[in-house]
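# Results of the structural survey
Letter by letter, the chains look like this.
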Amino acid sequence: MRLYAVVWAGALRRYATYRVAAVAGVFTNTVFGFIIAYTYVALWHLRPHLGGYGLPQALTFVWVSQGLLAASGIMGGGFESELTERIRTGDIAVDLYRPADLQLWWLAQDMGRACFQLLARGVLPMLVGSLFSHLALPHSPLVWAAFLVAVLLGFVVSFAIRYLTALAAFWLLDGTGVTQIAVLAATFWSGMLLPLNVFPGLLGQVARALPWSSLLQLPVDVLLGTYSGWGAAGVYAFQAGWAAVLLLLGRVLQSAATRKVVVQGG
């Protein structure tokens, strides 16, 4: 495990070197936060308590989701482009023969990236939003701790989805199309466009049952106090269940890809 801790720390330092990019990201997330926030203000004035949220809860959803956008990898920007390129060029063969687990290696690297993005691009937009909007932020440190647990589990689910997307390059000439579809799915089903609670009927039930709800909707609901106690434990179980299933599926594809490389190499 020490190896993967070193990989995590290395990824954290790597992304920390791009300070100008981090500042630009904070500025972008803040600007889009204001745009979406004022859109929500207009919408909630027409439909108060839409999706069970009051306006402060809706604005909290906006600023927290902007803070988690880069860290969760919803719009990409993580390890997947590098892994896809290594598969395309054949360099992945070297990785598969290294005395390290491929999935754990990239998981450690992506968690390092996510932790940096959470600190660099997550905290400041939320602070700015709290200065200009009345947010429903909790005062209890226990709620914040429960929120961070849900966020970290969401990071793992996000990694598992993007890992599967990247591995598809073993069987496709170009993984760009799959990556774009994955980004669109994550944007829509995570609650990035609108809270999933707003989705009506069966569509809302399906949206909340899909793994992408672990990325934004569920962590924000934990922060807002929608889930607490055993309810929060149920959220964790849901996220951990999806993470286990997706990581296992990634293992299966990784094994199939390894056999493919060995056969072609032989």
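The structure this text deals with has already been given above.
Below is a short write-up of the structure. The numbers attached to residues start from 1 for each chain and follow its sequence in the written order. Restriction of local features to residues with pLDDT of at least 70 applies here, the model being predicted, together with a cutoff of 80 or more for giving and counting side-chain atom pairs; totals for whole chains, interfaces and linings are based on all residues. The side-chain values count all of the structure's non-hydrogen atoms but skip hydrogen atoms and water molecules.

What follows is about the overall build of the protein chain. Counting from the N terminus, the helices are DSSP H or I runs at least four residues long and the strands are E runs at least two residues long. The helix and strand tally for the protein chain stands at twelve helices and zero strands. Ordering the α and β elements of the protein chain from the N terminus gives α-α-α-α-α-α-α-α-α-α-α-α. Taking 18 Å as the expected radius of gyration for a compact globule of 266 residues, we find that the protein chain reaches 19 Å, a close match to that expectation. Taken along the three principal axes of its C-alpha coordinates, the protein chain extends 65 × 40 × 35 Å. Exposure is judged per residue with a 1.4 Å probe applied to protein chains only, and the accessible area is read against the type maximum: over 50% gives exposed, under 20% gives buried, and values in between give partly exposed. By the burial criterion, 47% of the 266 residues in the protein chain qualify as buried. When contacts within the protein chain are restricted to residue pairs at least 6 apart in sequence, those whose partners lie at least 24 apart make up 80%. In this description, accessible areas are obtained by the Shrake-Rupley approach with a 1.4 Å probe, and a residue is regarded as covered only by the protein chains that are shown. Split by element, the accessible area of the protein chain, about 13100 Å² in all, is 72% carbon and sulfur. Computed over 15 positive and 9 negative side-chain charges, the separation of the two mean positions in the protein chain equals 4 Å. Atoms counted for the radius of gyration: C-alpha only. Globule rule: 2.2 Å times the number of residues to the power 0.38. Contacts are assigned to residue pairs with any non-hydrogen atoms lying within 4.5 Å of each other. Counting rule applied: Lys, Arg positive; Asp, Glu negative; His and chain ends not counted. Note on charges: their place is set at NZ of Lys, CZ of Arg, CG of Asp or CD of Glu.

Let us look at the nonpolar core. The definition of a nonpolar core used throughout is a set of buried Ala, Val, Leu, Ile, Met, Phe, Trp, Tyr and Cys residues joined through side-chain atoms within 4.5 Å. Counting residues in each nonpolar core, the largest one holds 56 residues, and the members touching the most others are L83 and Y163. Sorting elements by how many residues they give to this core places helix α8 (residues 141–167) first, with twelve residues. With residues near it in sequence (within four places) discarded, Y163 still touches F79, L83, L102, Q103, W106, G250 and Q254. One finds A146, A150, V222 and V235 within the second-largest nonpolar core, a separate group that totals five residues.

Definitions used for this entry: grid spacing 1 Å over protein atoms alone; cavity, a set of points where a 1.4 Å probe fits but cannot get out; pocket, an open set with protein on both sides within 12 Å along at least 5 of 7 lines; lining residue, one with an atom within 4 Å of a point. Grid points are joined across faces, edges and corners, and a volume is the space filled by probe spheres set on the points. By volume, the second largest pocket is sized at about 210 Å³. Lining the second largest pocket are 14 residues, and of these L118, V123, M126, W144 and F147 sit closest to its centre. If you list the elements that add at least two residues to the lining of the second largest pocket, you get α3 (55–69), α6 (102–121), α7 (123–132) and α8. With four residues, α7 is the single largest residue contributor to the lining of the second largest pocket. When residue character is reported, Ala, Val, Leu, Ile, Met, Phe, Trp, Tyr, Cys and Pro are called nonpolar, Asp, Glu, Lys and Arg charged, and the others, Gly included, polar. Looking at the lining of the second largest pocket, its residues break down into eleven nonpolar, three polar and no charged.

The next subject is the packing of aromatic side chains. Centre distance and the angle of the planes are the two values used to describe a pair of aromatic rings. Under the pairing criterion, centres of Phe, Tyr and Trp rings, with the six-membered ring standing for Trp, must be within 6.5 Å; the plane angle then separates stacked pairs below 30 degrees from edge-to-face pairs above 60, leaving the rest tilted. Counting across every chain of the model gives twelve aromatic pairs. Seen in terms of ring centroids, F79 and W106 are 5.9 Å apart; in terms of plane orientation they differ by 35 degrees. Their pairing is tilted. Of this pair, F79 sits in the loop between α3 and α4 (80–89) while W106 sits in helix α6, placing them 27 residues apart in sequence. A residue is classified by how much of its surface remains accessible, and F79, at 2% relative accessible area, is buried. Under the relative-accessibility criterion, W106 is labelled buried at 3%. Aromatic side chains F79 and F159 sit 5.0 Å apart centroid to centroid with 40 degrees between the ring planes, which places their arrangement in the tilted category. Of this pair, F79 sits in the loop between α3 and α4 while F159 sits in helix α8; the two residues are 80 residues apart in sequence, bridging distant segments of the chain. You'll find F79 and F159 in the same group, each marked buried.

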